[in-house]
Amino acid sequence: MAVPTHPSPVQSTPVGLFSLPVIVAALGYFVDIYDLLLFGIVRVPSLKDLGLDAEQISSVGTSIMNWQMGGLLIGGILWGVLGDKRGRLSVLFGSIITYSIANIACGFVKQVTFMDPVTYYALMRFIAGVGLAGELGAGITLVSEVLPKEKRAIGTSLVAGIGLSGAVVAYFTVKLFDWQTAFLVGGGLGVGLLLMRVGVVESGMFKDVSAQSHVSRGNFFAFFTNADRLSRYLKCIGIGLPTWFVIGILATFSNEFGRALGIAEEIQPGLAIMWCYVGLAVGDLASGFISHALSSRKRGVALLMSIALVFSLLYLYAGVGSATTLYALCLAAGVGIGYWAMFVTIGAEQFGTNLRATAATTIPNMVRGLVIPMTLTYQLLKPSLAVVNAGAVVGLISFILGFYSVLTIPETHGKDLDYLEE
């Protein structure tokens, strides 16, 4: 049940679209995406350097990615709870320190002698995942609470649109240097961002709630003690599933799909991921304006999800015959899943101030964590259904849950966020 916060005399002061919190949140997401996608981009060359063959690169690469996603799942809960208990800024500082150190450590994986380098690599990606889990949710929560409600959708779209370009920078960093240097650059970017964060102030809404000692904040289990709240929480997760089907299956394993489709040229997963994120950045920049124009989060997300479905089907069953066409379809499907920021914003808007950071941080990371069963299902079905049909089954489940969730969740466009969850 939602109740007013009965705020203290200190109120939140709305800020502009290009204020320091929005700019820093955008740059934070830029670094987050750079580091999050870097393993997917360097998966093949880095594992080749460690002496793995093609079959091991597929299986071990999937395992390491799943360790990273598992870290995101655990970190999402950790940072989400801390965000509501200790404040949005504490998460932004703590998470970036964690993933910056882990990424620098990944830059030295070839020099590791005290343990198996592949095991070390998986461990460092797990720790990086834990750190990366806090960035987006805390940033979107902070921006949602400091911007006036009329500008929330556009503000969070700017954060995501700018942030998602980190994938492009990651790809070209690997091309210009090597995969080890790319990890070191990611860690350095994190340290630089940490220094920028010093001037950012805490959300006024959080300050108001934290002054009320009787209010329970950051209780993750509260999502499971009320049927309506649980329904909203699960539907928020469901909305995000198609995004990581496109990224985690179609783009990440694009080399396997390329071979299955009979494409003569060797498909580079890093390039497919980059083009997917170029589209995602375009879609995310557009999604806020689409939502604003339609006066509806739900209709905006459903429209983009439909675009993603169409181009996913074309990717799988249109008889793609060239690498250029496959990359173009990754770009187009990326535009369709460009509702990522809107999806996280919906998660933040569905819940009161005392649970908002927990929701906004755990929801996207629950989706990322669900990449584990997605990839395991894909790998399990490949021997019997072959690559294309195995991917299609995973996609079918993802899109059914996605459309059901977005069509049945409460609308939050223009919603006042100054309330509590009982």
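Looking up the protein in an unreviewed UniProt entry gives the name Putative MFS family arabinose efflux permease, with the organism given as Spirosoma oryzae.

## Some remarks on the overall build of the protein
Counting its regular elements, the protein contains 17 helices and 2 strands. Here the protein holds 422 residues, and 61% of them are scored as buried. Total accessible area computed for the protein in this model is approximately 15100 Å², and 70% of it derives from carbon and sulfur atoms.

## Here we look at a nonpolar patch on the surface
On the surface, a nonpolar cluster with roughly 300 Å² of combined accessible area is contributed by Leu385, Val393, Ile397 and Leu401. Checked against the element boundaries, isoleucine 397 lands in helix H17 (residues 371–408).

## Points about helix H2 (residues 54–85)
At 3.6 residues per turn, the α-helix brings residues three or four places apart onto the same side. With 32 residues, H2 extends 46 Å from end C-alpha to end C-alpha; this agrees with the ideal 46 Å at 1.5 Å per step. At glycine 75, H2 shows its strongest bend, of approximately 25°.

## Details of the nonpolar core
If you look at the biggest cluster of nonpolar residues, it comprises 127 residues, and the most contacted ones within it are Tyr121, Trp244, Phe257, Tyr277 and Trp340. Of all the elements, helix H1 (residues 20–49) adds the most residues to this core, at 16 residues. Taken domain by domain, the makeup of this core includes at least three residues from each of domain 1 (17–205) and domain 2 (220–421). Sequence-distant contacts of tryptophan 244, defined by excluding residues within four places in its chain, comprise Leu36, Met69, Ile249, Tyr277, Trp340, Val367, Arg368, Val371 and Met374.

## As for the packing of aromatic side chains
Two numbers describe a pair of aromatic rings. These are the distance of the centres and the angle of the planes. Summed over the entire model, instances satisfying the criterion amount to 17 aromatic pairs. A ring pair is formed by phenylalanine 39 and tyrosine 121, whose centres lie 5.4 Å apart and whose planes are at 85°; its orientation type is edge-to-face. Of this pair, phenylalanine 39 sits in helix H1 while tyrosine 121 sits in helix H4 (residues 117–132), placing them 82 residues apart in sequence. Residue tyrosine 121 is classed as buried on the basis of its relative accessible area, which comes to 0%. On the basis of an interplanar angle of 40° and a centroid distance of 5.2 Å, the ring pair of phenylalanine 253 and tyrosine 378 is categorised as tilted.

## Describing H1
The first and last C-alpha atoms of H1 sit 41 Å apart over 30 residues, in line with the 44 Å expected at 1.5 Å per residue. At arginine 43, H1 shows its maximal kink, close to 60°; a proline, proline 45, follows between one and four residues later. Of all the 30 residues making up H1, 24 are buried; the element is thus mostly covered by neighbouring parts of the structure. Phi for glycine 51, located one or two positions after H1, is positive at around 90°.

## Quick notes on the pattern of salt bridges
The full count for this structure, using the stated rule, is 6 salt bridges. Between lysine 110 and aspartate 49 there is a salt bridge, with its nearest N and O atoms 3.9 Å apart. With lysine 110 in the loop between helix H3 (88–106) and H4 and aspartate 49 in helix H1, the pair connects residues that are 61 residues apart, well separated along the chain. Judged by relative accessible area, which is 42%, aspartate 49 ranks as partly exposed. Salt-bridge contacts for arginine 297 lead to glutamate 349; the nearest nitrogen and oxygen are separated by 2.7 Å. Placement of arginine 297 in helix H13 (residues 297–317) and of glutamate 349 in helix H15 (residues 340–349) is noted, with a sequence separation of 52 residues between them.

## Brief notes about the state of the cysteines
According to the stated counting rule, one finds 0 disulfides in the structure shown. The thiol sulfur of cysteine 330 is not disulfide-bonded, and the nearest other cysteine sulfur, from cysteine 276, lies at 6.0 Å.

## Points about the side chain of threonine 375
Take threonine 375: it is sitting in helix H17. When residues no more than four places from it in sequence are discounted, the contact partners of threonine 375 are Thr62, Met65, Asn66, Gly248, Ile249 and Phe253.

## Here we look at the packing of helix H6 (residues 152–163) against helix H12 (residues 269–294)
Describing two packed helices takes the angle between their axes plus the distance from one axis to the other. Taken N-terminus to C-terminus, the directions of H6 and H12 make an angle of 180°; their axes are 8 Å apart at the nearest point. In terms of axis orientation, H6 runs roughly antiparallel to H12. Judged by residue contacts, Ala153, Ile154, Ser157, Leu158, Ala160 and Gly161 of H6 engage Ala281, Asp284, Leu285, Ser287, Gly288, Phe289, Ser291 and His292 from H12. Taken together, the residues of the contact of H6 with H12 sort by class into 7 nonpolar, 6 polar and 1 charged.

## Observations regarding the environment of serine 144
Among the secondary structure elements, serine 144 is positioned in helix H5 (residues 135–146). Relative accessible area serves as the criterion here: at 1%, serine 144 is assigned to the buried category. Here the alpha-carbon distance between serine 144 and threonine 345, two residues 201 residues apart in the chain, equals 7.4 Å.

## A few points about the packing of H1 against H4
With their axes 10 Å apart at the nearest point, H1 and H4 run at an angle of 165° to one another. In this view, H1 runs roughly antiparallel relative to H4, as classed from their interaxial angle. Viewed along their axes, H1 and H4 form a crossing whose handedness is left-handed. In contact with Asp32, Asp35, Leu36, Phe39, Val42, Ser46 and Leu47 of H1, H4 contributes Tyr121, Arg125 and Leu132. Looking at the contact of H1 with H4 residue by residue, the class counts come to 6 nonpolar, 1 polar and 3 charged.

What counts and what doesn't
- Residues numbered from 1 in each chain as written.
- Predicted model: local features only at pLDDT ≥ 70, side-chain atom pairs only at ≥ 80, totals over all residues.
- Heavy atoms only, no water.
- Helix = DSSP H or I, 4+ residues; strand = E, 2+ residues; numbered from the N terminus.
- Buried < 20%, exposed > 50% of the residue type's maximum accessible area, 1.4 Å probe, protein only.
- Areas by Shrake-Rupley, 256 points an atom, 1.4 Å probe, with all protein chains shown as cover.
- Patch = residues over 30% accessible without salt bridge, like charges linked within 9 Å, V, L, I, M, F, W, Y side chains within 5 Å.
- Salt bridge = Lys/Arg side-chain N within 4 Å of Asp/Glu carboxyl O.
- Expected span 1.5 Å × (residues − 1).
- Bend = angle between axes of the 7 residues up to and from the residue.
- Core = buried A, V, L, I, M, F, W, Y, C linked by side-chain atoms within 4.5 Å.
- Domains from an automatic or database assignment.
- Contact = heavy atoms within 4.5 Å.
- Phe/Tyr/Trp six-rings, centres within 6.5 Å; stacked < 30°, edge-to-face > 60°.
- Disulfide = S-S within 2.5 Å.
- Axes fitted to C-alpha atoms, helices over the stretch in contact; angles between N-to-C directions.
- Parallel < 35°, antiparallel > 145°, perpendicular 65-115°, else oblique.
- Nonpolar A, V, L, I, M, F, W, Y, C, P; charged D, E, K, R; others polar.
- Left-handed = near helix turned anticlockwise from the far one by under 90°.

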